[in-house]
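Residues per chain, in single letters:
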Amino acid sequence: MSTRTVRWLDADEERAWRALRRMMIAIQTRTAHDLAEIGLSEPDYEVLSTLSERPGHTATLREQAAKMGWSRSRLSRHATRMEERGLVRREPDPDDGRGCFLVLTEHGLATLEEAAPTHLESVRRHVIDRLSPADLSALEAIAGKLEEPPTP
C-alpha cells in the first residue's frame, strides 16, 4: 500500500474537471459524427490534413504516430485501412529499415479537399461560433498550459 498522500479535488476543481471532460467528449462526438456522414473518421481526417501540410505530402510513420499520440503499430493498422481506400500509400524509409513514409495520394488530397468544408463547418458550429473572441483567447491560453507534460 502506498504511503503517498492523495490530493483529492475540492468541489470547484471537481466541477472544472468534469466540465472539461464533458466538453471534450461532446466536441469529439459531434465533430466525429459530422465527418462520419461523409465517410471519414477523425483519425482519417487528421492523417490527411497533417500530410497535406507537410513538404511532399509525406511524413514518417513515427512522426505521424507521435503527432496523433498513437503507437506506431496502431497507426500502421489504420494506415493499412486508408491504403485500401487509396487515401495514402507507404514508401520505405531509407534511414529506418523498419520504418516507412506515409504519402498522401492524389485521391487522398481530393478527399481532404472535399471534406474540409464539412469539417470546418462542424468546428464552427460546435465550437468557434459559440464562443466570444475573449473565450477563444482563454481557450487558447488554457490549451497552451495543458499541451506540455507537467514537470515532476
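Heads up: the structure comes first, above all this text.
For the structure given in this document, a descriptive report is provided here.

Scanning the chain from N- to C-terminus turns up six helices and three strands. Counting helices and strands in the order they occur from the N terminus, the chain gives α-α-β-α-α-β-β-α-α. In terms of overall dimensions, the chain is more spread out than a globule: its C-alpha atoms have a radius of gyration of 19 Å, far above the 15 Å expected for 152 residues. Projected onto the principal axes, the alpha-carbon positions of the chain cover approximately 50 × 45 × 25 Å. Contacts spanning at least 24 positions in sequence make up 50% of the contacts within the chain whose residues lie at least 6 apart. By element, 55% of the accessible surface of the chain is carried by carbon and sulfur atoms, the whole surface being about 10,900 Å². Taken as two groups, the 22 positive and 26 negative side-chain charges of the chain have centres that lie 7 Å from each other.

A few words on the environment of Thr80. Among the structural elements, Thr80 can be located in helix H4 (residues 72-84). Distance in space between the C-alpha atoms of Thr80 and Arg90 is 9.0 Å, their sequence separation being 10 residues. Within the structure, Thr80 has its side chain in polar contact with the side chain of Arg90 (distance 2.6 Å).

Considering all chains together, one arrives at zero aromatic pairs under this definition. The ring of Trp70 carries Arg74 above its face, with NZ or CZ at 3.9 Å from the centroid.

If you trace the backbone, Phe101 turns up in strand S3 (residues 96-104). Residues Phe101 and Arg90 lie 11 residues apart in sequence; the distance between their C-alpha atoms is 5.5 Å. Those residues in contact with Phe101 that lie beyond four places of it in its chain are Thr58, Ala59, Thr60, Arg89, Arg90, Glu91, Pro92, Asp93 and Pro94.

So, on to helix H5 (residues 106-126). Here H5 contains 21 residues, and its C-alpha end-to-end distance of 30 Å stays within 8% of the 30 Å for a straight helix at 1.5 Å per residue. Where H5 bends most, at Ala115, the angle is about 35°, and the proline Pro117 comes one to four residues later. Along H5, the residues that are buried comprise Gly108, Thr111, Leu112, Ala115, His119, Ser122 and His126. The inward-facing, buried residues of H5 contact helix H1 (11-36), helix H2 (42-53) and S3.

Thresholds, definitions, all that
Residues numbered from 1 in each chain as written. Predicted model: local features only at pLDDT ≥ 70, side-chain atom pairs only at ≥ 80, totals over all residues. Heavy atoms only, no water. Helix = DSSP H or I, 4+ residues; strand = E, 2+ residues; numbered from the N terminus. Rg over C-alpha atoms; globule rule 2.2 N^0.38 Å. Contact = heavy atoms within 4.5 Å. Areas by Shrake-Rupley, 256 points an atom, 1.4 Å probe, with all protein chains shown as cover. Lys, Arg positive; Asp, Glu negative; His and termini not counted. Charge placed at Lys NZ, Arg CZ, Asp CG, Glu CD. Polar contact = N/O pair within 3.5 Å; in protein donor to acceptor, adjacent residues only side chain to side chain. Phe/Tyr/Trp six-rings, centres within 6.5 Å; stacked < 30°, edge-to-face > 60°. Lys NZ or Arg CZ within 6 Å of the ring centre and 35° of its normal. Expected span 1.5 Å × (residues − 1). Bend = angle between axes of the 7 residues up to and from the residue. Buried < 20%, exposed > 50% of the residue type's maximum accessible area, 1.4 Å probe, protein only.

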